[in-house]
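The residues making up each chain are set out below.
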Amino acid sequence: MTKSSAITQTTTDRAAYLKKLAARDTAWDILVIGGGATGLGIALDATSRGYKTLLIEQADFAKGTSSRSTKLVHGGVRYLAQGDVKLVREASIERGLLHRNAPHLVKDQTFIVPVYTLWDRLKYTIGLKLYDRIAGKLRLGPSVFISRKKTMEKIPGIKTKGLQGGVLYHDGQFDDSRLAINLAQSIWEGGGDAINYVKVTGLLKDEKKSVNGVTVTDIETGITYSFKGKAVVNATGVFVDDILQMDKPGSRKSICVSQGVHIVLNKDFYPASDALMIPKTSDGRVLFAVPWHDKVVVGTTDTPVDEASIEPKALEKEISFILETAGTYLTKKPQRSDVLSVFAGLRPLAAPKDGELKTKEISRSHKIIVSDSHLFTILGGKWTTYRKMGEDMVDRIEKEKHWAYKASGTSALHIHGYAMNMDWNDPFYFYGSDAPLLRMQMNGTAHEWISEELKIHKTQILWAIEHEMARTVEDFLARRTRALLLNARETRRIAPQVAAIMAKALNRGQQWEDDQVKTFTQLTEQYILK
Ligand SMILES: Cc1cc2nc3c(=O)[nH]c(=O)nc-3n(C[C@H](O)[C@H](O)[C@H](O)COP(=O)(O)OP(=O)(O)OC[C@H]3O[C@@H](n4cnc5c(N)ncnc54)[C@H](O)[C@@H]3O)c2cc1C
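As the structure is a prediction and not an experimental result, all values here were calculated from the model. (Residues numbered from 1 in each chain as written. Predicted model: local features only at pLDDT ≥ 70, side-chain atom pairs only at ≥ 80, totals over all residues. Heavy atoms only, no water.)

Examining the packing of helix 3 (residues 37–48) against helix 8 (residues 176–189)
The following threshold applies: Axis lines are fitted to C-alpha atoms, over the contacting stretch for helices. Their N-to-C directions set the angle, which ranges from 0 to 180 degrees. For the purposes of this entry, the term helix denotes a DSSP run of H or I that reaches at least four residues, the term strand denotes a run of E that reaches at least two, and both are numbered from the N terminus. Here is the rule for angles: anything less than 35 degrees is roughly parallel, anything more than 145 is roughly antiparallel, 65 through 115 is roughly perpendicular, and the remaining ranges are oblique. Should the near helix be turned anticlockwise from the far one by less than a right angle, the crossing is left-handed, and should it be turned clockwise, the crossing is right-handed. The contact rule is simple, with two residues in contact once any of their heavy atoms fall within 4.5 Å.
Between helix 3 and helix 8, the least distance of the axes is 9 Å, while the angle of their chain directions is 25°. Put simply, helix 3 runs roughly parallel to helix 8. With respect to the hand of their crossing, helix 3 and helix 8 are arranged in left-handed fashion. Where helix 3 approaches helix 8, its residues Leu40, Ala43, Leu44 and Thr47 are matched on the opposing element by Ala180, Leu183, Ala184, Ser186 and Ile187.

Okay, here's the thing in structure tokens:
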């Protein structure tokens, strides 16, 4: 691995970096459209095999679904209940690998399923033992039945009427957008290219009508470029059909979109260190309450939506469902004014061929399709399996293109920031191996806290610009740190200070600074409940 100075060159002067990319006169081997979990996983796999790789993201890395998950690296207890053992096996292996390769971001989290009937006690005890067995050596810890008394001790506030006890099991818990940023850094360090705020607007084709590149627009300047790629991959999540339309207008819809919403509350609503898993709420959904940073994330919903949007909005009925349902399991019933942040994400689910399956029942497995013009598209999947999705896609490209097989290097690749023995209570844990250097820089400017509540320091802003390709106030407050998801009102207060520091560091004028504050303040309206 190269040192962080290599990253600095790539990220501080984005204009020069883009110019360098545009000046390249030979094709990249693999060109990936989309900088979420899926695209980053593919680009990292391709880079690990020595392919010249370029990833292009229209907004910020993980701006789409990949920053809006439940933050679980999981085998998927729900998929086991649906009998999808293959998916659970695959996800359990990937959970174990990710825990090994990014131990600074993925932690072993205990979950408790409270049980109220003898049947549920049997079902979940046996089911979760099976869950452990499926994961084999890569399981995180054993599942056990715990008594009623212990369940009540562990989850103060749990509904006690009819409570028989609980089943305690292990899954992984992580920080999704931080992992995405670390994956981009790993791509740079491995010699690959990845850039944000560049939108693909069209596909280029050769004389045989095979896709051999893309046309793009730099969102910051409006300048257009063409990039050539021997293989072009569409990894745009809920937007895959837009790219498929560019390839073949009139293509059949390949994706169903399902929205999921979470709310974030203070820890006093759920002071436990074990997460809570309710396998079946009143309307048959799964509900989680997961400790995250020093707050608790509660969700989610599963609402089919017609239109994909890069900034989806929580529906009133989703918010009331979570508040109502969570109220029966938390120490006190949360009110709208207690919600620190509400965020919505869109699941890109591979559309079933026929029949009217409910989105809850559509498989979360990924699917690769190759068009007549050799555009490679990947559908579905989940964060947990991003690495396997990357490996499968590059295997498929090699096969279709008749390239010699090269082994993927990602199953044991340490992700940027790799560090062991984390102190999860350290507010800067998520920087992993970067934390000591960041702290050293912070020591010189100890008084420059922007928010004590959110533990945001001026040095982090400069770090995010210099090493993590942060370009806007939102990039910093939503994805380089998780401030927007942890306390949206507080981010609205500090946005002007963040904008001023960024404007200076990025050499931008007053107009840019004012626009940033305005745009970010408007955005917070969606995350704050009135
Ligand atoms: C509510 C919810 C909870 C979830 N919880 C979990 C969980 O706990 N654990 C888990 O494993 N999985 C979870 N998932 C699933 C997981 O988050 C997704 O499968 C994953 O993030 C999808 O990643 P993606 O890269 O395919 O899509 P995205 O993250 O949406 O990335 C696609 C990217 O493509 C870019 N793009 C689109 N068009 C263009 C263009 N023209 N040019 C350039 N770029 C373009 C977009 O800007 C976007 O950034 C959850 C999903 C939801 C919705």
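Remarks on the side chain of Thr70
We apply this condition: Counting of polar contacts relies on pairs of N or O atoms within 3.5 Å, with two restrictions inside protein: one atom must be capable of donating a hydrogen and the other of accepting it, and residues adjacent in sequence are counted only when both atoms are side-chain atoms.
Mapped onto the elements of the fold, Thr70 is located in the loop between strand 2 (53–56) and strand 3 (72–73). In terms of polar contacts, Thr70 uses its side chain to reach the side chain of His262, at 2.8 Å. Sequence-distant contacts of Thr70, that is, excluding residues within four places in its chain, are made with His262, Phe288 and Thr300.

Observations regarding the site of the ligand
Keep this limit in mind: Neighbouring residues are identified by heavy atoms, a residue being near a molecule or strand if any of them is within 4 Å of it. Shrake-Rupley sampling with a 1.4 Å probe provides the accessible areas, and residues are treated as covered by the protein chains on show and by no other component.
In the vicinity of the ligand, 37 residues are found, and the nearest of them are Thr38, Glu57, Ser66, Leu72 and Thr384. Residue Thr65 places a main-chain N or O atom 3.1 Å away from an oxygen atom belonging to the ligand. With respect to the ligand, the backbone of Gly381 contributes an N or O atom lying 3.2 Å from an oxygen atom. Surface burial for the ligand is 96%, taken as the share of its 1000 Å² of free accessible area covered by protein chains. Listing elements by their share of the shell around the ligand, those giving two or more residues are helix 3, strand 8 (198–205), strand 11 (255–266) and strand 16 (341–350).

Focus: the packing of helix 5 (residues 85–101) against helix 6 (residues 118–135)
Taken N-terminus to C-terminus, the directions of helix 5 and helix 6 make an angle of 60°; their axes are 8 Å apart at the nearest point. Relative to helix 6, helix 5 is oriented so that their crossing is right-handed. Residues Val85, Val88, Arg89, Ser92 and Arg95 of helix 5 touch helix 6, and the partners they reach there are Tyr131, Ile134 and Ala135.

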